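Coordinates in review
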Amino acid sequence: MRYLPHTDSDIAAMLKVIGAGSTDDLFANIPEAVRSGRKMDLPPAMSEWDLRARMEALAAECPDCKFFLGAGKYDHYIPAVVTNLLERSELLTSYTPYQPEVSQGTLQAVYEYQTLTARLLGLEISNASMYDGASALAESLLMATRIRKKSKGKIVLSSLIHPSYGQVVKTYFRPTPFEITFLPALADGRTDVSALADMDDVVAVAVQSPNFFGCLEDLAGIGSLVGQTEAIFVTCFTEPLAFGLYQPPGTQGAAIACGEGGSLGLPPAYGGPGLGMLATKMDYVRRMPGRVVGKTTDANGKEGFVLTLATREQHIRRARATSNICTNSNFCAIAAAVYMACLGKIGFRELARLNYDKTEYLKQQLRRAGMALPFGAPTFNEFVVKLPPGFERKHAELAASSGIVAGLPLAEWYPDLADHYLLCVTEKITRADMDHLIKEVSE
Amino acid sequence: MRYLPHTDSDIAAMLKVIGAGSTDDLFANIPEAVRSGRKMDLPPAMSEWDLRARMEALAAECPDCKFFLGAGKYDHYIPAVVTNLLERSELLTSYTPYQPEVSQGTLQAVYEYQTLTARLLGLEISNASMYDGASALAESLLMATRIRKKSKGKIVLSSLIHPSYGQVVKTYFRPTPFEITFLPALADGRTDVSALADMDDVVAVAVQSPNFFGCLEDLAGIGSLVGQTEAIFVTCFTEPLAFGLYQPPGTQGAAIACGEGGSLGLPPAYGGPGLGMLATKMDYVRRMPGRVVGKTTDANGKEGFVLTLATREQHIRRARATSNICTNSNFCAIAAAVYMACLGKIGFRELARLNYDKTEYLKQQLRRAGMALPFGAPTFNEFVVKLPPGFERKHAELAASSGIVAGLPLAEWYPDLADHYLLCVTEKITRADMDHLIKEVSE
Amino acid sequence: WDEPLLWEKGQSGRSAFSLPARDVEQFAVESGMEGKGPDFPDLSEPEVVRHYTRLSQWNYGIDAGLYPLGSCTMKYNPKINEAIAALPGFASPHPLLPEQFCQGTLRVMAELERFLAEITGLDAVSLQPAAGAQGELAGMLLIQAYHQARGDSRTKLLVPDTAHGTNPASASLCGYQPVAVASNDQGILSAETVAEFMDEQTAGIMVTNPNTLGLFEENIMAIAEIVHEKGGQVYCDGANMNALFGRVDMRKMGVDVLHLNLHKTFSTPHGGGGPGAGPVCVKQHLEKYLPVPRLMEKQGRFSWSSDAPDSIGRMHGFYGNFGVMVKACCYILSMGAENLQKVSELAVLNANYLKERLKQTLYLPYDRLCMHECVFTDKNQAECHVNTLDIAKRMIDYGFHPPTIYFPLVVQGALMTEPTETETRETLDAYIAAVEAIAKEARTEPELLRQAPTVSRLRRLDETTAARNPCLSG
Amino acid sequence: WDEPLLWEKGQSGRSAFSLPARDVEQFAVESGMEGKGPDFPDLSEPEVVRHYTRLSQWNYGIDAGLYPLGSCTMKYNPKINEAIAALPGFASPHPLLPEQFCQGTLRVMAELERFLAEITGLDAVSLQPAAGAQGELAGMLLIQAYHQARGDSRTKLLVPDTAHGTNPASASLCGYQPVAVASNDQGILSAETVAEFMDEQTAGIMVTNPNTLGLFEENIMAIAEIVHEKGGQVYCDGANMNALFGRVDMRKMGVDVLHLNLHKTFSTPHGGGGPGAGPVCVKQHLEKYLPVPRLMEKQGRFSWSSDAPDSIGRMHGFYGNFGVMVKACCYILSMGAENLQKVSELAVLNANYLKERLKQTLYLPYDRLCMHECVFTDKNQAECHVNTLDIAKRMIDYGFHPPTIYFPLVVQGALMTEPTETETRETLDAYIAAVEAIAKEARTEPELLRQAPTVSRLRRLDETTAARNPCLSG
């Protein structure tokens, strides 16, 4: 096997040094009773060529299609330079940078990621990434409980947070005595926060903006409301490109902003790997979960970077760590940094604008075609439309015949919203694509 | 434009330093009369995404097919590591290694290529590559005239050298008084060298093995015949993998072995870039065309590599250079070295054997199906078959309906060989592919 | 030379992004909501390329040399697997596509689930956890769900002193109080000690096997029996699975739940810190608690189901790190059963070879057969007043990445060394020679060690100041 | 650290190649013809990867920093173009496929031919020459064929002292005796000098424009007229075309034939020495002599034709370096007319900026507007007894690739500097600062220059011994 370098004579010579008669002897400490005693039932070893052919055949079972889907993953163009630079094995095949002297590439790149993320979200600091948006939200809420030093109380979530994220929060809070409560939606597609006033013991309030319906929440309003309480205001996002056009959460009162950064240079990859982003204020840094890179100097006074604040972490603090996270999404964070560096201030803003304008075009055309857009709040690159009853069949037909996926049916997630579809438009959707969709929908 | 970094203020500041009012002023030395005076008529600048879409559409106009084609390009598997390593920009984006201290990567890799090539071809030294097999042959023959210090005489080529190579030789010798003469073929598919005995003033004799019909020439026999004359024996090849199974030209009396190395890790790429290989004896080194890397030491006595013997080259010797070649196929040579390193002695031999055996299988099956294999000489991975008259139509139909290209019709190149096809079988052709072909051919 | 920070480069007006053609008009934005956009630096494409190319050149990857970080299994990451994971059919599918557009991705996941079940000997697999620690958390939640379903609320969890560092934190996230269990003089757990701590308030035990000393927990069956007898569950941290392919049956070992690290054992790259993937494998009685959605097959068609009322719930926004799964699946297919078994044989051979050759030089606290890694300490060098950190930093000057240092905590000044099976004997010999040379320097020129590294771009970095006055963004 | 030679690594029994499945039996091989196979080293895949990764780390590419080699146009090589050239539809087609399988490749070539004709202002293009020097040879053969068709056998060719180094060799390959023509005190050709040498035995002139001093040949029209008057042809070496996009019309300049370097002007990477591509562009009267096969279009379908009785013949085994052509075509499509013109503006701007800023430091033999490059010499440093080589090697210590040195020969101790348009002003400023610092060192600590480089893995290499006792293989 080409990855295994040992020749028979290598093995013989090494066994001799060890004083063992065979490689089997090296496993002498494994009691007979726990041995498997049989060969694993796996497909026979494949050559590189057979493997490639087999996997290409499987990949071909995922045919190309034109999808108006967002709902947590947004399909953006990825510059060839991002892909190319990320292939550099010095970045790809290194471990977590425990030895800073030979890891300055990773460390500086992550420090830059943290900085760009803080700037993007309008907050002071960012960690070096979490797994994905959902776990970043769960970890943010756990962090809120640590900031407030609470061991019980209410965690209040908007019901317009991505439903999967809400579920992940529930999973993470399962072992705790905290109570998870949901805020309902208003008629305009935003969260109804009026119930907050009557709630006691609220430890954290989390709102997503743009929310699952694509609507921009009134973060400033909610922020000032939450600011009058003890609760920590956590804002979440699934589409950070929105902050190229709209005000970032940090300027709207968010104490922690978190979410999914996959839009920033990662391919959808059927949902993962993602990039969990988490930014907060410097005051809260020692309650923050996850790795973080800091600037320092070397023995000669030269500037350099290290993993820092490890005392929050599991390998030092063990059971009292701020999180159990160890392996994160470092490589995805670097991809995001390269992507943000490619776009720059100008490109990021223009791309956000283009996503917005294309989406507004589709909304306009749908309205003209007589479709109802039930929610009036401003949106970024996705929105909800109510299509004629029975559109499910057309939806399936369109997919089968033309490879067009006309948005996400919302009924599965929100049973009240039969015939409602969540449509997403990124820069990869052309006007012609939209006109085609309108035609099909109107027929 | 994203490759052009200059902002307006950069330009203004730089113009000020220069003392020019505008960038137009920088072109003041160009006389009005030679200015183009109009905008170039080129398509409007395309975004990265439009470019990719357009080029993907063109690439899709080259649909996948199953071809039994060799005739100078052989379709072999390329290990993913070759492709991956060749993407390293330190190798890809560097210039010719004029400054050895910052080019040891290129230089050592090419030194290793030269060594592996010399070993492959059974000769003492190799140059650092030529453009392709055809020009390598032309340059080898020019080299032969320099070795023999001749300014006229006969250059004798086997007519079973790749016809394109013969044409390139003619082009290169156009300006010279040398006479190009061709040796005919024997009935067994080898070159008839009997005419050599009666020829005067022969400066060089060139034979290809395996030849254009896929047949192995009796190099040792021809070599000893040529060895009795003043002429330089040049052997040529288009499929170096053959030397994994058969004896290399250097041990058969070749003074210069040259040819196309594309089989060694390069994709067909519609014919180019290729890799011209050229190996010879140390005695002839100062007559050799092209770049060459040599071992030396640095000021501290450490081993290192440099471009050497530059006094043969055009930038030093100018009109009296051994060749005008400057840019060569350096990167392709490194690809070939990586490929040879991947295969190693064992892999190279086994792969050659597999090519041979598959080809023999197809020959056997064709014979059983009643087809004539006119040439009896041993072959490597291609051979000539005579198919039933009128097969042209079937040939075209097969291509159109099943995407199978049943070999190269030889009539275009050798008008006597109507209904003869040159079929090639590499490791990428499966037994099932061959059985399918037999079935179609037999129908 | 130095490479400035990103925002010290660039000029307003540049961009490395190819803005897609605008084919719609501009629309108004709700007043008051518009921001100014993030304050990113503006760079041209060549500047971006050069920046990251230079940064990468300051990094050490597995392609540059030996990376013997103990417990991290830094083996070669095959290039072909990267190429396959990048195929459009795998990289492009949106996770919410209708089933007919993603049968290929689903089949990859179904195959990988089956392979991992077969490799561990367990019954069911969830690929959802995004990393080892999330796999641990999943495991803990499963155990908790199991107890809760039986109306049993337990508060403690046994965690040996030779467990991975994440284990106590994962237990704690689940509300369990970790109870430290000491290993014996052989560096492994004794059944007696476990029996002492195990009670009916204890949810179970988290065993790392082979443990972080690189030793096989020989008493695992007896330990599992004790735990099970008290109603507990046995969790195995499978991060060290690289030692065991084809050798053991986790079911026979008494393991109820185990996580794997695809980015260690199954050759997917670590990416400087992730992404990884931490599938969790369980015995049948825990299957119904696995995270949702679960992958279902019906007549050769695959689909997702969230119909699992006992499930601990969702752990990931979608289905986990699919891109990582593809590579692991490719690895298993490339290897087959025989080569996988050989992987473990050679990993263990390499570790024992290092151990035997180096034990005269570095102090070996447990001198016995090791598995995939071995743990030395700096005890022999203490008299020269150099410590583990000095030795490790000096290795950098010799062109090697240092081993894991100061872990496990159970020995003082640990040098936890895991060569993996993809290293040649020649490389190990070169490493041994370097360690021997360093040990000699410790006696003759200890300052060389204390001042190390000197060949890297930076000298030793001041981690204390970094933590005391954190500067986390620029 | 050092990386051993390939054959100093490995062990017999290893392989980094995945042998395809054998699905046929073995057949006998003719006795006596079988060899033993080449004596290659046997390495595992991780060893191969590490070998070339390490070697690459000793190399300097355009992605690492400024690469101001004069006459080489080391501009940024776009990544997207590499990705497109690697598309299976471009990388996989066999050159002898029936036409229906390669309309896409043919269309790329047809477009590129048209673009190059448009850019140069000439009538017809052959993409076949595999590099600049082969393009020159093609050009010389065309001129020769032209004369021969007129029954005119000429023996000489004018080659200015500011021409590219390959020019005399290319002329000579064609049997022409190159006649050196000196440039005037302005660094350019004067019509009078050309008139002096031009006669009816002279086939024509090879002009590099802008010439190797980076200066535009202002008298080119008059020169062309003189040459034409005597029946000669004007060949232009277009390697410096990067200065002229959108500015000149080669036809108006009187050029009959010109070659381009796709790997310089059109951004395809140089690959450490090749492959390149050297298309040749001609005026209509030379078209019938172009190499065969020629690309033909008929009703939107493309095909090859060798029906060209006057052709100089074939120059390449197939059709030239298609893989390189794809990248050049992508570059032109990415740029469009306006950006291409901007390329030249900025290339010339950068060169003039360097020239102005550095002319107080380095001696500038021709102090006038330059085009895409400028040539300094070591004259100012002579009194410190340091020379061009010392200055160049010291640049390596400052992290820069040196410029082209000792070329053109027309000035002594040349430092021929071409920044290209993809370099930022900041990079140029850093380079200027480095040159100024080196010039200061030349006065204060000249030994620093003479001993340079010191930061590279190797110090100055002994080229004399290498050439005297060549060791070309191991």
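Residues numbered from 1 in each chain as written. Chains lettered and ligands numbered in written order. Predicted model: local features only at pLDDT ≥ 70, side-chain atom pairs only at ≥ 80, totals over all residues. Heavy atoms only, no water.

The name given to chain A in an unreviewed UniProt entry is Probable glycine dehydrogenase (decarboxylating) subunit 1, with the source organism recorded as Desulfosalsimonas propionicica. Taken directly from UniProt, the Catalytic activity (unreviewed entry) text for chain A runs: "N(6)-[(R)-lipoyl]-L-lysyl-[glycine-cleavage complex H protein] + glycine + H(+) = N(6)-[(R)-S(8)-aminomethyldihydrolipoyl]-L-lysyl-[glycine-cleavage complex H protein] + CO2". (UniProt positions renumbered as here; feature names shortened; annotations may be inferred.)

This brings us to the overall build of chain C. If you tally the helices and strands in chain C, you get 15 helices and twelve strands. Here chain C has a C-alpha radius of gyration of 25 Å; the compact-globule value for 474 residues is 23 Å, and the two agree. Dimensions of chain C, computed from the C-alpha atoms along their principal axes, are close to 75 × 60 × 45 Å. Evaluated residue by residue, chain C yields a buried proportion of 73% over its 474 residues. The contacts of chain C with a sequence gap of at least 6 include a subset with a gap of at least 24, amounting to 71%. Accessible surface, chain C: about 13800 Å² in total, of which carbon and sulfur atoms supply 46%. Between the averaged position of the 41 positive side-chain charges in chain C and that of its 57 negative side-chain charges there is a distance of 2 Å. (Helix = DSSP H or I, 4+ residues; strand = E, 2+ residues; numbered from the N terminus. Rg over C-alpha atoms; globule rule 2.2 N^0.38 Å. Buried < 20%, exposed > 50% of the residue type's maximum accessible area, 1.4 Å probe, protein only. Contact = heavy atoms within 4.5 Å. Areas by Shrake-Rupley, 256 points an atom, 1.4 Å probe, with all protein chains shown as cover. Lys, Arg positive; Asp, Glu negative; His and termini not counted. Charge placed at Lys NZ, Arg CZ, Asp CG, Glu CD.)

All right, on to the interface of chain C and chain A then. Listed per partner, the contact involves 209 residues of chain C and 184 residues of chain A. The junction of chain C with chain A conceals about 17200 Å² of combined surface from both sides, 64% of it contributed by carbon and sulfur atoms. Area buried by chain C at its contact with chain A is led by Phe 40, Arg 247 and Leu 472 of chain C, which between them contribute 5% of it. Our count for the chain C to chain A interface comes out at twelve salt bridges. One salt bridge in this structure joins Glu 111 of chain C and Arg 54 of chain A, with 2.5 Å as the shortest N-O distance. At the junction of chain C and chain A, the tally comes to 87 residue pairs in polar contact (both at pLDDT 80 or more). Here the side of chain C that touches chain A gets 28 residues from one element, more than from any other, and that element is helix α11 (residues 322-358) of chain C. Across the side of chain C that touches chain A, the residue classes break down as 109 nonpolar, 59 polar and 41 charged. (Buried area = accessible area lost by both parts, 1.4 Å probe. Salt bridge = Lys/Arg side-chain N within 4 Å of Asp/Glu carboxyl O. Polar contact = N/O pair within 3.5 Å; in protein donor to acceptor, adjacent residues only side chain to side chain. Nonpolar A, V, L, I, M, F, W, Y, C, P; charged D, E, K, R; others polar.)

Below, the discussion takes up empty space enclosed by the protein. Summed over all chains, the structure comprises 18 cavities of 30 Å³ or more. In this structure, the largest cavity spans a volume of roughly 150 Å³. Taken together, 16 residues line the largest cavity, and the ones lying closest to its centre are Glu 87 and Arg 88 of chain A together with Asn 84, Glu 87 and Arg 88 of chain B. Among the secondary structure elements, those contributing two or more residues to the lining of the largest cavity are α3 (80-86) of chain A together with α3 (80-86) of chain B. Class assignment of the residues belonging to the lining of the largest cavity gives a composition of two nonpolar, six polar and eight charged. Of the voids in this model, the second largest cavity is the one considered here, and its volume is about 80 Å³. Forming the boundary of the second largest cavity are Met 109, Glu 113, Val 125, Ser 126, Leu 127, Gln 128, Pro 291, Pro 293, Arg 294, Leu 295, Trp 304 and Tyr 319 of chain D. Elements supplying a minimum of two residues to the lining of the second largest cavity: α4 (103-120), β1 (124-126) and β8 (294-298) of chain D. Considered class by class, the residues forming the lining of the second largest cavity number eight nonpolar, two polar and two charged. (1 Å grid on protein atoms, 1.4 Å probe; cavity = no way out; pocket = protein on both sides within 12 Å on 5 of 7 lines; lining within 4 Å. Points joined across faces, edges and corners; volume = space filled by probe spheres on them.)

To continue, consider the environment of Ala 80 of chain B. Note that Ala 80 of chain B resides in helix α3. A relative accessible area of 7% means that Ala 80 of chain B is categorised as buried. Here the alpha-carbon distance between Ala 80 of chain B and Phe 173 of chain B, two residues 93 residues apart in the chain, equals 40 Å. When sequence neighbours within four positions are dropped, the list of residues in contact with Ala 80 of chain B reads Glu 48 and Arg 52 of chain A together with Lys 79 and Ile 80 of chain C.

Sheets are built from strands paired through backbone hydrogen bonds, the pairs being either parallel or antiparallel. Residue and element names in this part refer to chain D. Sheet architecture is open: seven strands sit in the order β1-β7-β6-β5-β4-β2-β3, paired in mixed fashion. Where the open sheet ends on each side, the last strands, each with one partner, are β1 and β3 (177-181). Taken over all neighbouring pairs, the strand axes of this sheet differ in orientation by 25° on average, direction set aside. Bridge count between strand β5 (residues 233-237) and strand β6 (residues 257-259): three bridges; the pairing is parallel. If you follow Cys 236 over to β6, its bridge partner there is Leu 258. On top of the sheet, α4 reaches β1, β6 and β7 (280-282); it is set at about 125° to β1, its chief contact. Contacts from helix α8 (residues 220-229) reach β4 (202-208) and β5 within the one sheet, and its direction differs from that of β5 by about 140°. (Pairing = 2+ DSSP bridges. Axes fitted to C-alpha atoms, helices over the stretch in contact; angles between N-to-C directions.)

Every contact between the two is made by 14 residues of chain A and, on the other side, 20 residues of chain D. Note on chain A versus chain D: buried area summed over both sides is about 1200 Å², and carbon and sulfur give 58% of it. Per-residue buried area on chain A facing chain D is highest for Arg 2, Pro 5 and Trp 49 of chain A; these three make up 38% of the total on that side. Taken together, the links from chain A to chain D amount to two salt bridges. For the side of chain A that touches chain D, the secondary structure elements donating two or more residues are α2 (48-60), α3 and α4 (89-92) of chain A.

The next subject is the layout of surface pockets. Estimates place the volume of the second largest pocket at around 1500 Å³. In this structure, the second largest pocket is lined by 44 residues; those nearest its centre are Gln 57 and Val 455 of chain C together with Gln 57, Trp 58 and Val 455 of chain D. At the level of elements, α1 (45-57) and α12 (388-397) of chain C together with α1 (45-57) and α11 (388-397) of chain D are the ones that each hand at least two residues to the lining of the second largest pocket. When residues of the lining of the second largest pocket are assigned to their parent elements, the largest contribution, three residues, is made by α1 of chain C. Among the residues forming the lining of the second largest pocket, the class breakdown is 18 nonpolar, 13 polar and 13 charged.

Another aspect to go through is the domain arrangement of chain A. Residues and elements named next belong to chain A. Domain assignment breaks chain A into domain 1 (66-76 + 348-442) and domain 2 (80-340). Domain 1 and domain 2 are separated by 28 Å when their C-alpha centres are compared. Opposite the 30 residues of domain 1 that make contact, domain 2 presents 36 residues. Interface area for domain 1 against domain 2, summed over the two sides, is near 2600 Å², with a carbon-plus-sulfur share of 67%. The tally of links from domain 1 across to domain 2 stands at one salt bridge. (Domains from an automatic or database assignment.)

What follows covers the pattern of salt bridges. In total, this model carries 99 salt bridges over all chains according to the counting rule given. We note a salt bridge from Glu 48 of chain B to Arg 2 of chain B, for which the minimum N-O separation is 3.6 Å. Taken together, the residues Glu 48 of chain B in helix α2 (residues 48-60) and Arg 2 of chain B in the segment before α1 (8-18) connect sequence positions 46 residues apart. One salt-bridge network, held together by shared partners, links Asp 10 of chain A, Arg 425 and Glu 426 of chain C together with Arg 14 and Glu 47 of chain D.

What follows is about the packing of α2 of chain B against helix α10 (residues 322-358) of chain D. Following both chains from N to C, one finds α2 of chain B and α10 of chain D inclined at 140°, their axes separated by 10 Å at the closest point. Comparing the axis directions of α2 of chain B and α10 of chain D gives the class oblique. Crossing handedness for the pair α2 of chain B and α10 of chain D: right-handed. Contacts between α2 of chain B and α10 of chain D pair Leu 51, Arg 54 and Met 55 of chain B from the former with Val 326, Cys 330, Leu 333 and Ser 334 of chain D from the latter. In terms of residue class, the contact of α2 of chain B with α10 of chain D is built from five nonpolar, one polar and one charged. (Parallel < 35°, antiparallel > 145°, perpendicular 65-115°, else oblique. Left-handed = near helix turned anticlockwise from the far one by under 90°.)

On to the sheet that holds strand β11 (residues 382-386) of chain B. Residue and element names in this part refer to chain B. Spatially, the three strands line up as an open sheet ordered β11-β14-β13, and their pairing is antiparallel. Only two strands of the sheet have a single neighbouring strand rather than two, namely β11 and β13 (408-409). Taken together, the five bridges between β11 and strand β14 (residues 420-424) define a ladder with antiparallel strand orientation. Its bridge partner lying in β14, Phe 383 is registered against Leu 423. Of the strands in this sheet, β11 and β14 are in contact with helix α10 (residues 330-368), which crosses β11 at around 10°.

Before going further, it helps to spend a moment on the packing of aromatic side chains. Taken as a whole and assessed by the stated rule, the structure comprises 49 aromatic pairs over all chains. Plain terms: the ring middles of Trp 49 of chain A and Phe 17 of chain D are 5.8 Å apart, the flat faces sit at 45° to each other, and that makes the pair tilted. You can see Trp 49 of chain A sitting in helix α2 and its partner Phe 17 of chain D sitting in the segment before α1, one on each of two chains. Grouping residues by exposure puts Trp 49 of chain A and Phe 17 of chain D together as buried. Between the aromatic rings of Phe 213 of chain B and Phe 375 of chain B, the centroid separation amounts to 4.8 Å while the plane-to-plane angle is 5°, which identifies the pairing as stacked. Of the two residues, Phe 213 of chain B sits in the loop between β5 (202-208) and α8 (219-227) while Phe 375 of chain B sits in the loop between α10 and β11, which places them 162 residues apart along the sequence. Residues Phe 213 of chain B and Phe 375 of chain B agree in their burial class; the two are buried. (Phe/Tyr/Trp six-rings, centres within 6.5 Å; stacked < 30°, edge-to-face > 60°.)

What follows concerns the side chain of Ser 305 of chain C. All names here are of chain C. By the element assignment, Ser 305 lies in strand β9 (residues 301-305). The class of Ser 305 is buried, set by a relative accessible area of 18%. In this structure the side chain of Ser 305 is engaged in a polar contact, spanning 3.1 Å, whose partner is the backbone nitrogen of Asp 307. Setting aside anything within four residues of it in sequence, one finds Ser 305 in contact with Val 292, Pro 293, Arg 294 and Met 296.

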